Amino acid sequence: QVHLVESGGGLVPAGGSLRLSCAASGHSFSSYAVGWFRQAPGKEREFVAALTWSTSNADYADSVKGRFIISRDDAKNTVYLHMTSLKPDDTAVYYCAATPRPSSQLPRRSAYDYWGQGTQVTVSS
């Protein structure tokens, strides 16, 4: 069982930056694929970014390409989401997720076995 805890959310002006962290406990997740999703009020939870265990393959939603970077530090059992040039449309609760299963469908919520509780990101205009 893997327990995920997100942190780093907050209120930031448009154009600002934030770094979200997702710390895993209960199991080393160096061989897990990890992902970030977000959910705005009244909307479905949507894919943001994913990273395979090898760290060589990252995938991003079109809406965040060039602005967000997903990374991981397996020594710390932590995955990060570096967010820059933030927009009001980026306002949402951000969730990290992980799975030990190999998958070619990492943008899909169903690919993941473990989820954190989320951290709120609010971007003011």
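Scroll up for the structure.
Residues numbered from 1 in each chain as written. Predicted model: local features only at pLDDT ≥ 70, side-chain atom pairs only at ≥ 80, totals over all residues. Heavy atoms only, no water.

Chemist: Got a sec to walk through the overall build of the protein? Specific residues and values, please.
Modeler: The number of helices and strands found in the protein is 0 helices and 11 strands. Each helix (α) and strand (β) of the protein, taken in turn from the N terminus, gives the series β-β-β-β-β-β-β-β-β-β-β. Projected onto its principal axes, the C-alpha positions of the protein cover 40 × 25 × 25 Å. Among the 125 residues that make up the protein, the fraction classed as buried is 44%. Considering only residue pairs separated by 6 or more positions, the protein has 57% of its internal contacts joining residues 24 or more positions apart. Distance from the positive charge centre (12 side chains) to the negative charge centre (10 side chains) of the protein: 1 Å. (Helix = DSSP H or I, 4+ residues; strand = E, 2+ residues; numbered from the N terminus. Buried < 20%, exposed > 50% of the residue type's maximum accessible area, 1.4 Å probe, protein only. Contact = heavy atoms within 4.5 Å. Lys, Arg positive; Asp, Glu negative; His and termini not counted. Charge placed at Lys NZ, Arg CZ, Asp CG, Glu CD.)

Chemist: If you had to explain the packing of aromatic side chains to someone new, which residues and values would you point to?
Modeler: Pairs of aromatic rings are described using the distance from one ring centre to the other and the angle between the two planes. Within this structure, the stated rule accounts for 5 aromatic pairs. An aromatic cluster of three or more residues is present, and its members are Phe 37, Phe 47, Tyr 112 and Trp 115. Lying across the ring of Tyr 95, Arg 45 places its NZ or CZ 3.6 Å from the centre. Cation over ring: Arg 45 sits above Trp 115, and NZ or CZ is 5.1 Å from the ring centre. (Phe/Tyr/Trp six-rings, centres within 6.5 Å; stacked < 30°, edge-to-face > 60°. Lys NZ or Arg CZ within 6 Å of the ring centre and 35° of its normal.)

Chemist: For the pattern of salt bridges, give the residues involved together with the corresponding values.
Modeler: Going through the model one piece at a time under the given rule, you end up with 7 salt bridges. The salt bridge involving Glu 46 is made with Arg 38; its shortest N-O contact spans 2.7 Å. For Glu 46, a relative accessible area of 36% translates into the label partly exposed. A salt bridge links Glu 44 to Arg 109, with the nearest nitrogen and oxygen atoms 3.5 Å apart. Here Glu 44, found in the loop between β4 (33-39) and β5 (46-51), pairs with Arg 109, found in the loop between β9 (92-99) and β10 (114-115); they are 65 residues apart in sequence, far enough to count as distant. We classify Glu 44 as exposed; its relative accessible area is 59%. One salt-bridge network, in which partners are shared between bridges, spans Arg 38, Glu 46, Arg 67 and Asp 90. (Salt bridge = Lys/Arg side-chain N within 4 Å of Asp/Glu carboxyl O.)

Chemist: So what's going on with the state of the cysteines? Which residues, and what values?
Modeler: Applying the stated rule across the entire model yields 1 disulfide. Note on cysteine connectivity: Cys 22 is disulfide-linked to Cys 96, with sulfurs 1.9 Å apart. Handedness of the Cys 22-Cys 96 disulfide follows from its S-S torsion of about 50 degrees: it is right-handed. On the criterion of sequence distance, the pair formed by Cys 22 in strand β3 (residues 18-25) and Cys 96 in strand β9 is long-range, its members being 74 residues apart. (Disulfide = S-S within 2.5 Å.)

Chemist: With reference to specific residues and values, describe the pairing of strand β11 (residues 119-124).
Modeler: The two faces of β11 differ: Thr 119, Val 121 and Val 123 on one face are buried, but Gln 120, Thr 122 and Ser 124 on the other face are not. As defined by bridge partners, strand β2 (residues 10-13) adjoins β11 across 4 bridges and the pair is classed as parallel. Looking at the pairing, Gly 10 lines up with Val 121 of β11. Bridge count between β9 and β11: 3 bridges; the pairing is antiparallel. Across the sheet, residue Val 93 finds its bridge partner in β11, namely Gln 120. (Pairing = 2+ DSSP bridges.)

The values are spatial; any link to function lies outside them.
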